[in-house]
Amino acid sequence: MRSKFTWMLTLCLAFVFQFSFAQEKTVTGTVTDQDGLPLPGASIVVKGTSRGQQTDFDGNYSIRVSVGEILVYSYVGQKTVERTVGSANVINVQLDQDAQALEEVVVQGYRNATKERSSIASTTISAEKIELRPNASFAQTLSGQIPGLNITTNTGQPGGNSTINLRGITSINGNSEPLFIIDGAPVDEDNFRSLNPNEIASVSVLKDAGATAIYGNRGANGVIIVKTKKGSFNSGLKINYQGQVSFSELQDNDYDLTNAQEQLELERTLSRGVGNGLTDAEIAAFTTTRWEEVFFRTGISQNHTLSLSNGGDNVTSFTSFGYSDTEGILVQSSLKRFNVRSNITGKSNNDRFNYSTNLSLNYSESDEPNNIGGGAINRNLVLGAYQSVPYISPDEYTNGAALLSPLLFRNTPLFLLDIIETFTREEAEVRIIASANASYKITDDITASITASGDYTDEHLTRAEGPESFNALLFAQTGNNTPGFQDQNTTRTFSFNAVTSLNWNKTFGKHTVDASVFTEYFRAYLRTFGFFQRGLNPATFSPGDGAGFVADNAANDFFIDTARAQRRNAGLFSYFGQVDYDYDSKYGFTGTIRRDASYRFAASNRWGTFYSVAGRWNIHNEPFMEGSIFNLLKLRASYGETGNQRIVDAGAGALAFFAAPDLTENFFATGNGYGGANSLFLSQIGNNSLRWETVKQANVGIDFEVFDRRLRGSIDGYIRTTEDLFQDSPVSAITSQNVLRANVGSLENSGIDLTLNYDLIRGGAEGFNLSLNLVGNYNKSEIIDLPGGVESIRNANNNDLQLRVGGPINEVTVYRFIGVNPDNGNLLFLDANGNETENPTDNDRINTGKNIVPDYQGSFGFNADYKGFFLTTQFNYVIGVDRFDFDLRGFQNPNNIGQFRATRDLFRAWQNPGDITDIPSLTVTNRVLGNDSDRDLYSSDYLRLRFASFGYNFPAKFLENTGLTSFRAFVNGENLFTVTDWRGFDAEASFSGSRQFPTPRIFSVGVEFGF
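What you see is a predicted model; the values in this text were computed from it and never measured.

### Overview of the overall build of the protein chain
Then comes step 1: Looking only at helices and strands, the protein chain features 10 helices and 52 strands.
Then comes step 2: Taken over the C-alpha trace, the protein chain has a radius of gyration of 32 Å; the compact-globule value for 1011 residues is 30 Å, and the two agree within 12%.
Then comes step 3: Across its three principal directions, the C-alpha atoms of the protein chain cover 115 × 70 × 70 Å.
Then comes step 4: Burial statistics for the protein chain: of 1011 residues in total, 53% are counted as buried.
Then comes step 5: For the protein chain, the share of sequence-separated contacts (at least 6 apart) that also reach a separation of at least 24 residues comes to 70%.
Then comes step 6: Just so you have it, the protein chain exposes about 42600 Å², and 55% of that area is on carbon and sulfur atoms.
Then comes step 7: Here the protein chain contributes 83 positive and 111 negative side-chain charges, whose respective centroids are spaced 7 Å apart.

As structure tokens, then:
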């Protein structure tokens, strides 16, 4: 009986399981928007459970469900849709736009708003435009993508610093770069090498005073808010991997440099160097060394990111692990990086209490060549790559001692080969960025919040020159048999920022008021310690270790080491408020006022007050607009004042927080006085009236969407006036000082920002889609007035640049070069009266109106996709940049022949009376005057294919039974080609330097998949 019962029970259970499995199945489909375009990252969740999936890059999804269960489809800015699972195995869903959200949420200062209720000028780009691009620093990826944001990178060093300016340069001597905030933490804008770009969810750039006045003392140059990725509520575990391998190479140049035979012919012509006296046969026997191929290389890099995200009813988490190993194109340049991120968000059951934490742990090792840009032939590897004579071979190098005699400039590449073997520069950095936010709804209308954040950096720099190196032996004192040095420095910085707020939000019928009050506290600490050790024992020396240190002794002073240390603190305190009023989503205004105190100023000027007012009119919501072609038409306007308390530009690095802390103080120094007697004298005159630089900005903008959102865009016009510029004002030298640092002068930037997006072809998820985009900015800068009422001030470091009332910042002022005198081969110029002359004077300089700041800059491109294949392009353009080409000047200088490489241009040199040419005689007598002319001033305008990506997203049906929910493969390119009149390696650089490390051309191949 028991046996029979067991058999019947087994049969019954088998039937039940069979029925169950028959009801559970895989449902696939595509999620699109109201225009039929795929929605990547849309959420599909089984209602009442935490089971869910996200759509892939083509809007496709695949999920295991049972018949009768309800699928909930949602996407930011779209209306949520529910579908009940029936007999169909394919469920395609089209989501309509949520009229209340009206597309994306706009990040604006310390609060968010819908697009309709935003009065500010801002631009936001999402993760898809940042991640998986082969740039070690995410700041470089922003180039060309945001109107008004000018980003130039002057180095090819992996993770190197970029110069960032928003709507022009707002300060002459002070810091002019935007404030960066990552998950609520203000961070150093010059150091992103340790951060992983693939962790970023969005970047929002706040431009006008309506957006930045709430940041008061740090908002004058704009604000860039970076938000990192988070998990989603009620979603299952999602695992995503992103990986790519990149190949970097040197960009092209048009210097047309000589080979070995041509170089030797020039030397024979001038009776110099190795070529002097050689026969044709002897010259022909030399082989050419391409030193750029010795000092530069193809850099091979890899980048990997693994992320995990999930969420329940009340908690979400996002965790990522990153590893990057980037090899620079210049030998001895690299960056290795490790990243861990953990972001958690949560809420109470009644949604009154919300919180989030963001923790980023980063470690990087940077190997960076020394003395780049310098003229030291025994230090700068780039100089060796460009200027080394081509008839010397790398095989001629043996060791440093062999180069001491004879000591010849033409052995420059051998000196530098020795540097590669014997010099070490290593930089290790630990960086931790953390923030926590908590808010509590005291009532339905009142919310209290606090955000606390910290940015900690611990940096160790080691420079070591081996005891048997050429440089150590060259500069060793007589009798010093153990030369060399090791220089080590540790820098620790920590900044803490806390914002507390109370918000009241109330709707009365068609009226909505949102009012907030805030306090903000900022504190930063700097601690450094380092030492310089002279004397290294070659038997035990190892870079970074002290085993080879040679101790000081009584016999000589060869090995005296030195120590150094620094301790600085910085602080700011602020309180402020903001009110936003909206009427029926048609009209609204926002007002902000803020009081700031800075440690940089005396008590009488410590506090500054900044404000803004902004208004909006959603014209498309007016009754008279019903049935029009406009889906969105909004007019915005704002005016306000922001402050800049960083009145001295300390250059790159976190030290900028601590620059110029004591300009209000009088300082004295000792030294030789009258008759050589010891004296005490003023070294700095304190200025107690020193105060903030103030930027006043007016902005008028229009946002529009027409033809069922097929054409979308915005246009903004602005005027930014900086007053109380921090400059040196002349004073009587009777005090031993001839300048006083003071707030004098003003400058103005005015221009237009433009963004356009046009869906040329809308084929839906299964068809062909093509969209076009354009980003543009025009900016004009003008000096309004200068210290002492003068009309112009010559640059103290470069006599060919000036500040002039009515002219741009650092305007070029030079002689006018018109060609070569056909009678004698000398250079010809125009004097002030337009007459030809070979000997111009300083009075013959002209105001050219040219500088290195672009008049126009931006990008254009397209995005295309068809049945999983996609192609994206971004062309960057810059117009109105003029730079001195000092590298070309060196290649064309006949005085360098016999020591350094020349250009083939010299074969066009004037030789006989009547010759018409652009290259003067090789024995020209007034060549040096050309250095102060516009002869070497060239346009650096360019059009560059900045980025291109081609790839394939595998459809969900191809991934069934693989365990994968998405998979795509792609190839990318950066800096693929450049159209420009600039002859050098990189038209993008933002200064007239020479022997610089150029940015590379990069190709990469990668995959991304999720499961």
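### Quick notes on the nonpolar core
Then comes step 1: Core analysis: the biggest nonpolar cluster contains 38 residues, and F295, F296, L330, L381, Y386 and L414 have the highest contact counts within it.
Then comes step 2: Contributions of two or more residues to this core are made by helix 4 (260–269), helix 6 (291–295), helix 7 (381–387), helix 8 (412–422) and helix 10 (886–891).
Then comes step 3: With residues near it in sequence (within four places) discarded, L330 still touches F295, F296, R297, P369, I372, L381, V382 and F997.
Then comes step 4: Counting residues in hydrophobic clusters, the runner-up holds 22 residues, among them A139, I146, V203 and I433.

### Things to note about the pattern of salt bridges
Then comes step 1: For the coordinates displayed, the defined rule picks out 57 salt bridges.
Then comes step 2: Put simply, R845 and D932 hold a salt bridge, and the shortest N to O gap is 3.8 Å. Of the two residues, R845 sits in the loop between strand 43 (836–837) and strand 44 (846–847) while D932 sits in the loop between helix 10 and strand 48 (937–939), which places them 87 residues apart along the sequence.
Then comes step 3: The class of R845 is buried, set by a relative accessible area of 11%.
Then comes step 4: Accessibility expressed as a relative area gives 25% for D932, which makes it partly exposed.
Then comes step 5: By sharing partners, the salt bridges in this structure join R193, E368, R425, E427, E429 and E459 into a single network.

### Some points on the sheet that holds strand 10 (residues 122–126)
Then comes step 1: Strand order in the open sheet formed by 5 strands is 10-15-16-13-14, and the pairing between neighbours is mixed. If you trace the sheet from one side to the other, it starts and ends with strand 10 and strand 14 (185–187), each paired once. Going from strand to strand, the sheet's axes swing by 20 degrees on average, the running direction of each strand aside.
Then comes step 2: One ladder, built from 6 bridges, connects strand 15 (residues 200–206) with strand 16 (residues 223–228); its direction is antiparallel. Bridging across to strand 16, V205 finds its partner in I224.

### Brief notes about unusual backbone geometry
Then comes step 1: Between S405 and the following residue, P406, the backbone shows a cis peptide bond with an omega angle of -5 degrees.
Then comes step 2: With respect to the secondary-structure elements, P406 resides in the loop between helix 7 and helix 8.
Then comes step 3: Positive phi, normally seen in glycine, also occurs at K867, with a value near 50 degrees.
Then comes step 4: In this fold, K867 is placed in the loop between strand 45 (856–866) and strand 46 (869–879).

### Observations concerning the packing of aromatic side chains
Then comes step 1: Following the criterion strictly, the structure yields 46 aromatic pairs and no others.
Then comes step 2: Between F415 and F470 the ring centres are 4.4 Å apart and the planes differ by 5 degrees, which places this aromatic pair in the stacked class. Of the two residues, F415 is situated in helix 8 and F470 in helix 9 (residues 470–474); the sequence distance between them amounts to 55 residues. For the pair shown, F415 and F470 are each scored as buried.
Then comes step 3: Ring centres 4.5 Å apart and planes at 45 degrees place the aromatic pair F869 and Y952 in the tilted group. With F869 in strand 46 and Y952 in strand 49 (residues 942–953), this residue pair connects regions lying 83 residues apart in the sequence.
Then comes step 4: In this structure, R883 is placed above the aromatic ring of W982, and the distance from its NZ or CZ to the ring centre is 4.0 Å.

### Side note on empty space enclosed by the protein
Then comes step 1: For the structure shown, the criterion picks out 11 cavities of 30 Å³ or more.
Then comes step 2: Here the largest cavity defines a volume of roughly 410 Å³.
Then comes step 3: Tallied by class, the residues present in the lining of the largest cavity amount to 8 nonpolar, 19 polar and 6 charged.
Then comes step 4: Looking at the lining of the largest cavity, you find at least three residues from each of domain 2 (106–236) and domain 3 (245–810 + 851–885 + 936–1010).

### Examining the UniProt feature "domain: TonB-dependent receptor plug" (unreviewed entry) in the protein chain
Then comes step 1: UniProt feature "domain: TonB-dependent receptor plug" (unreviewed entry): in the numbering of this structure it lies at residues 116–223.
Then comes step 2: Taken as a whole, residues 116–223 contains 7% helix and 28% strand, while its terminal C-alpha atoms sit 21 Å from one another.

### Side note on the sheet that holds strand 43
Then comes step 1: What the 3 strands build is an open sheet, ordered 41-42-43; its pairing is antiparallel. Taken across any chain shown, the strands that pair with only one partner, and hence form the sheet edges, are strand 41 (816–820) and strand 43.
Then comes step 2: With 2 bridges joining them, strand 42 (residues 827–830) and strand 43 adopt antiparallel strand pairing. When the bridges of strand 43 are listed, L830 appears paired with E836.

### Things to note about the side chain of N135
Then comes step 1: Among the secondary structure elements, N135 is positioned in the loop between strand 10 and helix 2 (138–141).
Then comes step 2: A polar contact of 3.2 Å, which involves the side chain of N135, links it to the side chain of T141.
Then comes step 3: With near-sequence residues (within four places) excluded, N135 lies in contact with Q140, T141, P197, R946, E974 and I1002.

### Description of the pairing of strand 32 (residues 693–706)
Then comes step 1: Across the 14 residues of strand 32, 10 count as buried, placing the element largely inside the fold.
Then comes step 2: As paired strands, strand 29 (residues 630–644) and strand 32 are joined by 14 bridges and run antiparallel to one another. Looking at strand 32, one finds that N644 is bridged to E693.
Then comes step 3: Here strand 32 hands over to strand 33 (residues 711–723) after 4 residues, with F707 in that stretch at a positive phi of 55 degrees.

### Examining a nonpolar patch on the surface
Then comes step 1: On the surface, V245, F247, I300, F869, L871, F950, V971, F1003 and V1005 cluster together into a nonpolar patch covering about 740 Å² of accessible area.
Then comes step 2: Elements supplying a minimum of two residues to the nonpolar patch: strand 17 (235–249), strand 46 and strand 52 (1001–1010).

### Side note on the domain arrangement of the protein chain
A common measure of how large an interface is: the accessible area buried when the components associate.
Then comes step 1: Under the domain assignment used here, the protein chain contains domain 1 (22–94), domain 2 (106–236) and domain 3 (245–810 + 851–885 + 936–1010).
Then comes step 2: When each unit is reduced to the centre of its C-alpha atoms, the spacing between domain 2 and domain 3 is 12 Å.
Then comes step 3: Each partner contributes to the interface: domain 2 provides 87 residues, whereas domain 3 provides 144 residues.
Then comes step 4: Summed over the shared surface of domain 2 and domain 3, the result is 12 salt bridges.
Then comes step 5: In this structure, the salt-bridge partner of R193 is E459, at a minimum N-O distance of 3.0 Å.
Then comes step 6: Inspection of the region where domain 2 meets domain 3 yields 67 residue pairs in polar contact (both at pLDDT 80 or more).
Then comes step 7: Where the side of domain 2 that touches domain 3 is concerned, the elements lending two or more residues are strand 11 (149–153), strand 12 (162–166), strand 14, helix 3 (209–212) and strand 17.
Then comes step 8: In terms of residue count, the dominant contributor to the side of domain 2 that touches domain 3 is strand 11 (5 residues).
Then comes step 9: A breakdown of the residues in the side of domain 2 that touches domain 3 according to their chemical character gives 27 nonpolar, 42 polar and 18 charged.

### What to know about the environment of D552
Then comes step 1: With respect to the helices and strands, D552 occurs in the loop between strand 25 (511–534) and strand 26 (562–583).
Then comes step 2: What makes D552 partly exposed here is its relative accessible area of 46%.
Then comes step 3: In this structure the C-alpha to C-alpha distance between D552 and R534, which are 18 residues apart in sequence, comes to 9.0 Å.
Then comes step 4: Those residues in contact with D552, other than ones at most four positions away along the chain, are F559 and I560.

Calculation rules
- Residues numbered from 1 in each chain as written.
- Predicted model: local features only at pLDDT ≥ 70, side-chain atom pairs only at ≥ 80, totals over all residues.
- Heavy atoms only, no water.
- Helix = DSSP H or I, 4+ residues; strand = E, 2+ residues; numbered from the N terminus.
- Rg over C-alpha atoms; globule rule 2.2 N^0.38 Å.
- Buried < 20%, exposed > 50% of the residue type's maximum accessible area, 1.4 Å probe, protein only.
- Contact = heavy atoms within 4.5 Å.
- Areas by Shrake-Rupley, 256 points an atom, 1.4 Å probe, with all protein chains shown as cover.
- Lys, Arg positive; Asp, Glu negative; His and termini not counted.
- Charge placed at Lys NZ, Arg CZ, Asp CG, Glu CD.
- Core = buried A, V, L, I, M, F, W, Y, C linked by side-chain atoms within 4.5 Å.
- Salt bridge = Lys/Arg side-chain N within 4 Å of Asp/Glu carboxyl O.
- Pairing = 2+ DSSP bridges.
- Axes fitted to C-alpha atoms, helices over the stretch in contact; angles between N-to-C directions.
- Phe/Tyr/Trp six-rings, centres within 6.5 Å; stacked < 30°, edge-to-face > 60°.
- Lys NZ or Arg CZ within 6 Å of the ring centre and 35° of its normal.
- 1 Å grid on protein atoms, 1.4 Å probe; cavity = no way out; pocket = protein on both sides within 12 Å on 5 of 7 lines; lining within 4 Å.
- Points joined across faces, edges and corners; volume = space filled by probe spheres on them.
- Nonpolar A, V, L, I, M, F, W, Y, C, P; charged D, E, K, R; others polar.
- Domains from an automatic or database assignment.
- UniProt positions renumbered as here; feature names shortened; annotations may be inferred.
- Polar contact = N/O pair within 3.5 Å; in protein donor to acceptor, adjacent residues only side chain to side chain.
- Patch = residues over 30% accessible without salt bridge, like charges linked within 9 Å, V, L, I, M, F, W, Y side chains within 5 Å.

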